[in-house]
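Here is how the chains run, residue by residue.
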Amino acid sequence: MQANKKESYMRVLVYEDNLLWSTRIMNALQTLGHEAELRNEPVPGDADAAIVNLSTQSMDAPKLVPALDKRGVIVIGHAGHKEKNLLELGRAAGCHIVATNSQMTNKLEQLLDKCT
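Since this is a predicted model, take the numbers as computed values, not measurements.

The rules we used
- Every chain is numbered on its own, with residues counted from 1 as its sequence reads.
- Where totals are concerned, whole chains, interfaces and linings use all residues; where local detail is concerned, this predicted model gives features only for residues with pLDDT of at least 70, and gives and counts side-chain atom pairs only at 80 or more.
- In computing side-chain values, all of the structure's heavy atoms are included and hydrogens and water are not.
- Put simply, DSSP H or I for four residues or longer makes a helix, DSSP E for two residues or longer makes a strand, and each gets a number counted from the N terminus.
- Our radius of gyration is a C-alpha quantity, and the globule rule it is checked against amounts to 2.2 Å times the number of residues to the power 0.38.
- Only protein chains enter the area calculation, which uses a 1.4 Å probe; residues under 20% of their type maximum are buried, those over 50% are exposed, and those in between are partly exposed.
- Whether two residues are in contact is decided by their heavy atoms, any of which lying within 4.5 Å being enough.
- Note on areas: Shrake-Rupley with a 1.4 Å probe; residue coverage comes only from the protein chains shown.
- When charges are counted, neither His nor the chain ends are considered; positive counts come from Lys and Arg and negative counts from Asp and Glu.
- By convention, the point assigned to a charge is CZ for Arg, NZ for Lys, CD for Glu and CG for Asp.
- Here the arc refers to the set of directions running from the helix axis out to each C-beta atom.
- Pairing of aromatic rings covers Phe, Tyr and Trp, the last through its six-membered ring, and needs centres within 6.5 Å; plane angles under 30 degrees mean stacked, over 60 mean edge-to-face, and all others mean tilted.
- In this scheme, Lys NZ or Arg CZ marks a charge over a ring once it lies within 6 Å of the ring centre and within 35 degrees of the ring normal.
- DSSP calls a pair of strands paired once it identifies at least 2 bridges connecting them.
- Axes, fitted as lines to C-alpha atoms, cover a helix only where it is in contact. Angles between the N-to-C directions of the axes lie from 0 to 180 degrees.

Asker: Would you take a moment to explain the overall build of the protein chain for this structure?
Answerer: Check the secondary structure of the protein chain and you find 6 helices and 5 strands. When the helices and strands of the protein chain are listed from N to C terminus, the series reads α-β-α-β-β-α-β-α-β-α-α. At 13 Å, the protein chain has a C-alpha radius of gyration in line with the 13 Å of a compact globule built from 116 residues. Expressed as lengths along the three principal axes of its C-alpha atoms, the size of the protein chain is roughly 40 × 30 × 25 Å. Put simply, the protein chain has 116 residues, and 43% of those count as buried. Within the protein chain, counting contacts between residues at least 6 apart in sequence, those at least 24 apart form 63% of the total. Here the protein chain displays about 6400 Å² of accessible surface, and carbon together with sulfur accounts for 49% of that area. Charge-centre separation for the protein chain: the mean point of 13 positive side chains lies 4 Å from the mean point of 14 negative side chains.

Asker: Even after reading the chapter, I still don't get helix H3 (residues 61–70), so can you show me in this structure?
Answerer: All of the buried residues in H3 are Ala61, Leu64, Val65 and Leu68. Within H3, the buried residues cover an arc of 95° as seen down the axis, which keeps them to one side. Facing away from the buried surface of H3 by more than 90 degrees, the exposed residues are Lys63 and Lys70. The inward-facing, buried residues of H3 abut strand S1 (11–15), strand S3 (49–53), strand S4 (74–79) and helix H4 (84–93). Just downstream of H3 lies Gly72, where phi reads positive at about 85°.

Asker: Honestly, the packing of aromatic side chains in this entry has me stumped. Any pointers?
Answerer: Two aromatic rings are characterised by how far apart their centres lie and by the angle between their planes. Within the structure shown, the criterion is met by 0 aromatic pairs. Just above the ring of Trp21 sits the side chain of Arg24; from NZ or CZ to the centre is 5.2 Å.

Asker: Can you walk me through the environment of Ala36 in this structure?
Answerer: Along the chain, Ala36 turns up in strand S2 (residues 35–39). Residues Ala36 and Ala61 lie 25 residues apart in sequence; the distance between their C-alpha atoms is 19 Å. In contact with Ala36, other than residues within four places in its own chain, are Val12, Met26 and Leu29.

Asker: So what exactly am I meant to see when it comes to the sheet that holds S2 here?
Answerer: Pairing between the strands of a sheet comes from backbone hydrogen bonds, and it takes one of two forms, parallel or antiparallel. Taken together, the 5 strands give an open sheet; going across it, the order is S2-S1-S3-S4-S5, and neighbouring strands pair in parallel fashion. Whereas interior strands pair on both sides, the edge strands pair on one side only; in this sheet they are S2 and strand S5 (97–100). Here the average twist between neighbouring strands, direction ignored, is 20°. Bridge analysis of S4 against S5 gives 4 bridges, and the strand direction is parallel.

Right under this line is the structure:
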């Protein structure tokens, strides 16, 4: 089973300024065998995938998501299930995958599988 994790290894940028979410997502990514880099500012980088918290205003998703997409980075945007306007903002900005916070907590591995 360890071999499968190596085959699906990804470098993931985490755009998050919330300490609770950043810790949770970083730990989960590392547990799944991925390299994770936390970004507190909306500066595009090179990676296989990126996770963007659509709830934070400091990330400016409408600019960040297209910039990541141009670099070939698959973008997962997330927000609360009641934050329909933010989930739609993520879709409109070009997120490849839009997920609720609950999905990020409980189905992160499946979401990342869609990135490969």
